[in-house]
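Reading the structure
Given next are the chains, with one letter for each unit.
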Amino acid sequence: MRKRILTGDRPTGKLHLGHYVGSLLNRTKLQDDYETYVLIADVQALTDNFNTPEKVRQNVLEVAMDNLSVGVDPNKSNIYIQSLIPEVAELTVFYSNLVTISRLQRNPTVKTEIAQKKALFGEDGGSVTYGFLGYPVSQAADITAFNADLVPVGEDQLPLIEQCREIVRKFNSLYGNVLKEPQALVGEVARLKGLDGNTKMGKSLGNAIYLSDTDDETYEKIRNAVTDPKKIRKDDPADPYICMVGYYHSIFSKPEYEQVCEECKAGKRGCVDCKKQLAKNINSELAQIREKRRYYEQHQSEVKDILAQGTKNARIITSQTLRNVKEAMKIDYFK
Ligand code: TRP
Ligand code: SF4
């Protein structure tokens, strides 16, 4: 039997370069060897966007199109919508008993998100709902519903996978060996920094290059990137290792990277040209993706069919898991 992958994203915005290097590339590479399920986590998105449901709804299709355009192949992988899998909601309820509130509050990802909210909305707007605090439990349900072996994710998700593993161990020790402990797999660039110098590219941080951006939008964002502040004139020598353009070259211009650094240090490279070169490389890497995306934007009913089929396939697995779980928990009353 082939091993399984489960991964996915919250539909709170379009996917960006950080997702691409952190997790999307791994999905496309591994889908030949693993039975792959990609979830669009609308229920999880609602835990902190319950007041803007239309935003979540719109982004379900956007995220589906992003996955399809980078090469998640509907003939190999299943893309599905979380809220259409009732088994996941049921598992979440059962797992809730296996996690303490203080353990959830100590989850580093949850902690960071709460701190970000407080910074944005103040103590009050940042107050934490029961649903939000509990989302790691539902993420454990997402993963274990498929008995996934591998979860390709960005670095920020590691504490959530660890929490899932703990829930699995607890469940198995109480009720018998039913669930599988998943492994996380982080992409080649675990966390892509923002062009603005932020430690992370993020949609909520306003520093993201989207897969769906145009060439010009991409160039405009690169043009505003943080460079070595000591470099004033075109022929001033500078330090490419403290420059965000230099950092992006190390990821998206690998063959030219050494030359970029040499020339920058020697004052033989102007920032304007350096940025143009980076934009050209990123745009050419994304060209095919963007073309494919335009196709799907014009064929949205095809995207919906893919989601419907992926969801149907997903439920075959999750309903079996739920039967096993209920049996282990002795709540399988009328067999
Ligand atoms: N938490 C992920 C994100 O913020 C989305 C997600 C939900 C997920 N369930 C998952 C990722 C299960 C991997 C596995 O994008
Ligand atoms: Fe950065 Fe390039 Fe300017 Fe050097 S030349 S400081 S690497 S933008």
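Check the entry above for the structure.
Described below are features of the structure shown in this document. Not measured: the values here are computed from a predicted model. (Residues numbered from 1 in each chain as written. Chains lettered and ligands numbered in written order. Predicted model: local features only at pLDDT ≥ 70, side-chain atom pairs only at ≥ 80, totals over all residues. Heavy atoms only, no water.)

Focus: the site of ligand 1
Taken together, 14 residues sit near ligand 1, with Arg 10, Gln 44, Gln 139, Asp 142 and Gln 157 positioned nearest. Within the contact set of ligand 1, a nitrogen atom lies 2.8 Å away from a side-chain nitrogen or oxygen of Gln 44. In this structure, a nitrogen atom belonging to ligand 1 sits 2.7 Å away from a side-chain N or O atom of Asp 142. Protein coverage of the free-state accessible area of ligand 1, which is 370 Å², stands at 92%. Within the residue set of the shell around ligand 1, elements represented by two or more residues are strand E1 (4-9), helix H8 (135-144) and strand E4 (150-153). Looking at the shell around ligand 1, the element that brings in the most residues is E1, giving four residues. Its residues placed into classes, the shell around ligand 1 shows six nonpolar, five polar and three charged. (Near = heavy atom within 4 Å. Polar contact = N/O pair within 3.5 Å; in protein donor to acceptor, adjacent residues only side chain to side chain. Areas by Shrake-Rupley, 256 points an atom, 1.4 Å probe, with all protein chains shown as cover. Helix = DSSP H or I, 4+ residues; strand = E, 2+ residues; numbered from the N terminus. Nonpolar A, V, L, I, M, F, W, Y, C, P; charged D, E, K, R; others polar.)

Overview of the environment of Ile 222
Inspection of the secondary structure puts Ile 222 in helix H10 (residues 215-223). Separated by 154 residues in the primary sequence, Ile 222 and Leu 68 place their C-alpha atoms 26 Å from one another. Discounting chain neighbours no more than four positions away, the residues touching Ile 222 are Leu 195, Ile 209, Lys 275, Leu 278, Ala 279 and Ile 282. (Contact = heavy atoms within 4.5 Å.)

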